[in-house]
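Observations on chain architecture
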Amino acid sequence: MSAPVRKIIIAIDGHSSCGKSTFAKAIAAKLDYIYIDSGAMYRAVTLACMENSLIRDGHLDEKRLPEILMNIEICFQKKPSPQITETWLNGVNVEERIRSVDVASNVSLVSKSRIVRKKLVSMQREMGRDKGIVMDGRDIGTVVFPHADIKIFMTADPEIRAGRRYRELRDKGMDVDFNDILENISERDRLDENRSESPLKKAPDALLLDNSYMTPEQQLEWFSNILLKTDLMKCRK
Ligand code: DC
């Protein structure tokens, strides 16, 4: 896949567990672009809130949020082998902790907060200042980069997403129930789509990618064809 003649911003949004990060990472690697997992940033803020006891009985202490957000530092570091990007919060590697069940169960609460979103959107825009970036999330094409050069909205049938997640967790040796996973995925879709702050929705100019019956290779081929059809590959005279 050849890169566009100038550096661009690629915004990828979509439902949870539909392979956004795998797809976004693969594109970033092909184009030699930076990949930013915006969901990891919401997870990192959630962890900071939990560590500072801002979450009690499913309630977020919004009064103390500004103090946490003012000093928060989130960055990503690439590990060469195996090739993974890890999330750091205030100088500490939190990659493993932000993927925990505790963080997962509180992240919807934190990500619906207006001041959290304001802070993270501004950090994300700063990360995209020099372009050459692929960012995935829920509001990237609608709020963070409404003028992104390419916007993609990804989805897949809930049963198919649950099946993939089920196999992934089973392969890791976890004892999981398919129906629990399906329920969790449907609930996350409902929360993401119905919150008042930046709900998940397809930007009118986003391209729809339903990968229910597509392999990762087919998805990359789809993207490569999209790229070829744009003016972004043409040299300016
Ligand atoms: O992509 P993920 O599952 O790691 O995202 C974690 C949570 O963060 C999820 O509940 C949705 C939220 N999120 C968001 O509100 N906006 C984004 N741009 C990215 C994620």
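Starting from 1, residues in each chain are numbered consecutively following that chain's sequence as written. A pLDDT threshold of at least 70 governs which residues receive local features in this predicted model, and a stricter bar of 80 or more applies before side-chain atom pairs are shown or counted, although totals over entire chains, interfaces and linings include all residues. Calculated side-chain values reflect all of the structure's heavy atoms, with hydrogen atoms and water omitted.

Notes on the pairing of strand β1 (residues 9–14)
Along β1, six of the six residues are buried, which leaves the element largely enclosed by surrounding structure. For every residue, the accessible area obtained with a 1.4 Å probe (protein chains only) is divided by the maximum for its type, and the residue is called buried under 20%, exposed over 50%, and partly exposed between those limits. A run of H or I in DSSP counts as a helix once it spans at least four residues, and a run of E counts as a strand once it spans at least two, with each numbered from the N terminus. Of the two faces of β1, both are covered, the one formed by I9, A11 and D13 as well as the one formed by I10, I12 and G14. Here five bridges tie β1 to strand β9 (residues 150–155), and the two strands are oriented parallel to one another. Across the sheet, the residue bridging to G14 is M154, located in β9. When DSSP finds two or more bridges between a pair of strands, those strands are recorded as paired.

Some details on the nonpolar core
Side-chain atoms within 4.5 Å are what join buried Ala, Val, Leu, Ile, Met, Phe, Trp, Tyr and Cys residues into a set we call a nonpolar core. Counting 37 residues, the largest nonpolar core has V45, C49, L60, I74, L89, V116 and L120 as its most contacted members. Looking at this core, the elements with two or more residues in it are β1, α2 (38–51), α3 (65–70), β5 (74–79), α5 (101–111), α6 (114–127), β8 (133–137) and α7 (140–144). For L60, the residues in contact, after removing those within four places along its chain, are C49, L54, I55, L65, L109, V110 and S113. In this structure, A24, I27, I152 and L220 belong to the second largest nonpolar core, which totals 21 residues. Every residue pair with non-hydrogen atoms within 4.5 Å of one another is taken to be in contact.

A look at the sheet that holds strand β2 (residues 34–37)
Across the sheet, five strands lie side by side as β2-β8-β1-β9-β10; this open sheet has parallel pairing. Every other strand in the sheet has two partners, leaving β2 and β10 (207–210) as the edge strands with one partner each. If you compare each strand with its neighbour and ignore which way they point, the axes differ by 20° on average. Sheet topology note: the β1/β8 ladder contains five bridges and is parallel. In this description, a line fitted to the C-alpha atoms serves as the axis of each element, helices being fitted only across the stretch in contact, and the angle between N-to-C directions of two axes falls anywhere from 0 to 180 degrees.

Thoughts on the site of the ligand
We call a residue near a molecule or strand when any one of its heavy atoms sits within 4 Å of it. Among the 15 residues in the neighbourhood of the ligand, the closest are listed as R43, R117, D139, R188 and R195. Definition of a polar contact: a pair of N or O atoms within 3.5 Å, with one able to donate and the other able to accept a hydrogen when the atoms are protein atoms, and with sequence-neighbouring residues admitted only if both atoms are side-chain atoms. Side-chain polar atom of D139 to a nitrogen atom of the ligand: 2.8 Å apart, as the coordinates give it. A distance of 2.8 Å separates an oxygen atom of the ligand from a polar atom in the side chain of R195. In isolation the ligand exposes 450 Å². Once the protein is present, 93% of that is buried. Elements that contribute at least two residues to the shell around the ligand include exactly α2, α5 and α9 (178–194). Broken down by element, the shell around the ligand gets its largest block of residues, four residues, from α2. Any residue that is not Ala, Val, Leu, Ile, Met, Phe, Trp, Tyr, Cys, Pro, Asp, Glu, Lys or Arg is counted as polar, Gly included; the first ten are nonpolar and the last four charged. Residues belonging to the shell around the ligand are distributed by class as follows: three nonpolar, five polar and seven charged. Methods summary: accessible areas were calculated by the Shrake-Rupley approach with a probe of 1.4 Å, and residue burial reflects only the protein chains presented.

Concerning the environment of A48
Within the secondary structure, A48 sits in helix α2. It is 9.9 Å that separates the C-alpha atoms of A48 and V103, two residues lying 55 residues apart in sequence. If we skip the residues at most four places from it in the chain, A48 touches I68, I72 and L89.

Some thoughts on the pattern of salt bridges
The rule for a salt bridge is simple: a side-chain nitrogen of Lys or Arg has to be within 4 Å of a carboxyl oxygen of Asp or Glu. Considering all chains together, one arrives at 15 salt bridges under this definition. As a salt-bridge pair, R97 and E51 come within 2.5 Å of each other at their nearest N and O atoms. A residue pair is termed long-range when its members are at least 10 positions apart, and R97 in helix α4 (residues 95–98) and E51 in helix α2 qualify at 46 residues. You can call R97 partly exposed: its relative accessible area is 38%.

Describing the layout of surface pockets
Cavity and pocket criteria rest on a 1 Å grid covering protein atoms alone: a 1.4 Å probe that fits but cannot get out defines a cavity, protein on both sides within 12 Å along at least 5 of 7 lines defines an open pocket, and an atom within 4 Å of a point defines a lining residue. Grid points are joined across faces, edges and corners, and a volume is the space filled by probe spheres set on the points. The space that makes up the second largest pocket amounts to roughly 420 Å³. Together, 17 residues line the second largest pocket, and Y33, I34, Y35, K78 and T85 are the ones closest to its centre. Of all elements in the fold, only α1 (20–31), β2, β5 and β6 (84–89) reach the threshold of two or more residues within the lining of the second largest pocket. When grouped by side-chain class, the residues that make up the lining of the second largest pocket number 11 nonpolar, three polar and three charged.

Some points on the pairing of β5
With six bridges connecting them, β5 and β6 associate as antiparallel partners. Residue pairing for β6: K79 is matched across the bridge by I84. Between β5 and the antiparallel strand that follows it, β6, lie four residues.

Points about the packing of aromatic side chains
Planes of paired rings set the category: under 30 degrees apart is stacked, over 60 is edge-to-face and the rest tilted, where pairs are Phe, Tyr or Trp rings (Trp by its six-membered ring) whose centres lie within 6.5 Å. With the rule as written, the count across this model stands at three aromatic pairs. Between the aromatic rings of F23 and W222, the centroid separation amounts to 6.5 Å while the plane-to-plane angle is 50°, which identifies the pairing as tilted. Remark: W222 occurs in helix α10 (residues 216–229) and F23 occurs in helix α1; sequence separation between them is 199 residues. On the basis of relative accessible area, F23 is assigned to the buried category, the value being 4%. With 6.2 Å between their ring centres and 80° between their planes, Y166 and F178 make a pair best called edge-to-face. Of this pair, Y166 sits in helix α8 (residues 158–171) while F178 is found in helix α9, placing the two residues 12 residues apart along the sequence. Since its relative accessible area comes to 28%, F178 is described here as partly exposed.

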